[in-house]
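# Close look at the chain arrangement
Read off the chains here:
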Amino acid sequence: MEIPHLLIRLFIAFVVLFVLARIMGRKEISQMTFFNFVSAIAIGSIAASLAISSGLSIRNGVIALIAWAAFTIAMEFIDIKFKRARKITTGEPIIVIKEGRIMEHALRKTRLDVDSLNALLRHKGVFSLKDVDYAIFETSGNLSVKEKQKNQTATKNDVNLSPNPTLYPTSTEIISDGILNTNNLLKLNLDENWVQQQLNLAGVKSLSEIFYAEVQKDGSLYIDYKDDHMQH
């Protein structure tokens, strides 16, 4: 491809992409849905092909860009006007923590694991699941968090057991989906006997009854039971 022809293609691709970006409106990355994100990548790919691929004519490249942008705008219009359609195209926010309890089914639905959930909470400045009253996984992939009030009465999950004399800098996970994290126990200078003692005090017969548990900064143990345990 000759340089003058390449520059013409680059200029046309730039102008069309700039105009379409202005028409499609402003939206921060944090506000983008998965469809918005994929659509932006597709438009960028088409623009790149228009700019440098001699196998794609300028006319067809421009038509493809405009058509894809039109489809995207039409989808956004449908999302705005029709709530039922929005549930299909965009999805709905999903409650992953409700009244201090982790919603296991919701986590599986969002394909989140406990580690990912904790990471999202840390981004919100929350370093312990015990401090969370509600958490909602938004369609943008962000997590909205409502923390418990400091004077709020303890729930069934807030098992305030005999504290260990050692104070820790942060809350640490020791049980996830019924599996004991021995590495974290070693870091805390604790052993399985200590865990078993705490579980006995809480009336827990087996690790399989626990979905998540963490040692608090004061050395006490926070337990979130599995759904089937709460139903009994």
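The model shown is predicted, which means the values in this text are computed figures rather than measured ones.

### Brief notes about the pattern of salt bridges
In the structure shown here, the tally under the stated rule is two salt bridges. Close ionic contact of Lys146 with Asp133 constitutes a salt bridge, the shortest N to O distance being 3.0 Å. Within this pair, whereas Lys146 is found in strand β4 (residues 143-147), its partner Asp133 is found in strand β3 (residues 132-137), the two being separated by 13 residues in sequence. Judged by relative accessible area, which is 43%, Lys146 ranks as partly exposed. Here Asp133 falls in the buried class, since its relative accessible area comes to 9%. Here Asp177 and Lys226 are joined by a salt bridge, their closest N and O atoms 3.5 Å apart. In this pair, Asp177 sits in the loop between β5 (172-176) and β6 (179-180) while Lys226 sits in the loop between β8 (221-225) and α9 (227-231), placing the two residues 49 residues apart along the sequence.

### Points about a nonpolar patch on the surface
Taken together, the side chains of Phe11, Phe14, Val15, Phe18, Val19, Ile23 and Ile73 present a nonpolar region at the surface, about 690 Å² in accessible area. The element best represented in the nonpolar patch is helix α1 (residues 3-24), accounting for six residues. As for its position among the elements, Val19 is in helix α1. Classification of Val19 by relative accessible area gives partly exposed; the value is 39%.

### Describing the sheet that holds strand β2 (residues 101-102)
Pairing is antiparallel across the open sheet formed by four strands, whose spatial order is β2-β1-β3-β4. Edge positions in the sheet fall to β2 and β4, since each of these pairs with one other strand and no more. As defined by bridge partners, strand β1 (residues 94-98) adjoins β2 across two bridges and the pair is classed as antiparallel. What sits directly across from Lys98, in β2, is Arg101. Its contacts with the sheet place helix α6 (residues 114-123) against β1, β3 and β4, and it is angled at close to 70 degrees to β4.

### Some points on the pairing of β5
Of all the five residues making up β5, four are buried; the element is thus mostly covered by neighbouring parts of the structure. Pairing geometry for β5 and strand β7 (residues 210-215), over four bridges, is antiparallel. Bridged to Thr172 within β7 is Val215. Two elements, β5 and β6, share two bridges in a ladder whose sense is antiparallel. Considered in β6, the bridge of Ile175 is made with Leu180.

### Brief notes about the packing of aromatic side chains
The final tally for this structure, using the stated rule, is one aromatic pair. Where Phe14 meets Phe18, the ring centres are 6.3 Å apart and the plane angle is 15 degrees; that geometry is what we call stacked. Here the residue Phe14 and the residue Phe18 both occupy positions in helix α1, the gap between them amounting to four residues, near one helical turn.

### Notes on the sheet that holds β8
If you walk across this open sheet you meet the four strands as β6-β5-β7-β8, and the pairing is antiparallel. Two strands in the sheet have a free side with no partner beyond their single neighbour: β6 and β8. Contacts from α6 reach β5 and β7, with the element oriented near 155 degrees to β5.

### Some thoughts on helix α8 (residues 192-201)
For α8, every residue scored as buried is listed here: Trp194, Val195, Gln198 and Leu199. For α8, the angular spread of the buried residues around the axis is 135 degrees, confining them to a single face. Those residues of α8 that are exposed and angled more than 90 degrees off the buried face are Asn193 and Leu201. Residues of α8 that are buried in the fold lie against β5, β6, α7 (182-187), β7 and β8. Backbone geometry just downstream of α8 places Gly203 in the positive-phi region, at approximately 75 degrees.

The rules behind each value
Residues numbered from 1 in each chain as written. Predicted model: local features only at pLDDT ≥ 70, side-chain atom pairs only at ≥ 80, totals over all residues. Heavy atoms only, no water. Salt bridge = Lys/Arg side-chain N within 4 Å of Asp/Glu carboxyl O. Helix = DSSP H or I, 4+ residues; strand = E, 2+ residues; numbered from the N terminus. Buried < 20%, exposed > 50% of the residue type's maximum accessible area, 1.4 Å probe, protein only. Patch = residues over 30% accessible without salt bridge, like charges linked within 9 Å, V, L, I, M, F, W, Y side chains within 5 Å. Areas by Shrake-Rupley, 256 points an atom, 1.4 Å probe, with all protein chains shown as cover. Pairing = 2+ DSSP bridges. Contact = heavy atoms within 4.5 Å. Axes fitted to C-alpha atoms, helices over the stretch in contact; angles between N-to-C directions. Phe/Tyr/Trp six-rings, centres within 6.5 Å; stacked < 30°, edge-to-face > 60°. Arc of directions from axis to C-beta.

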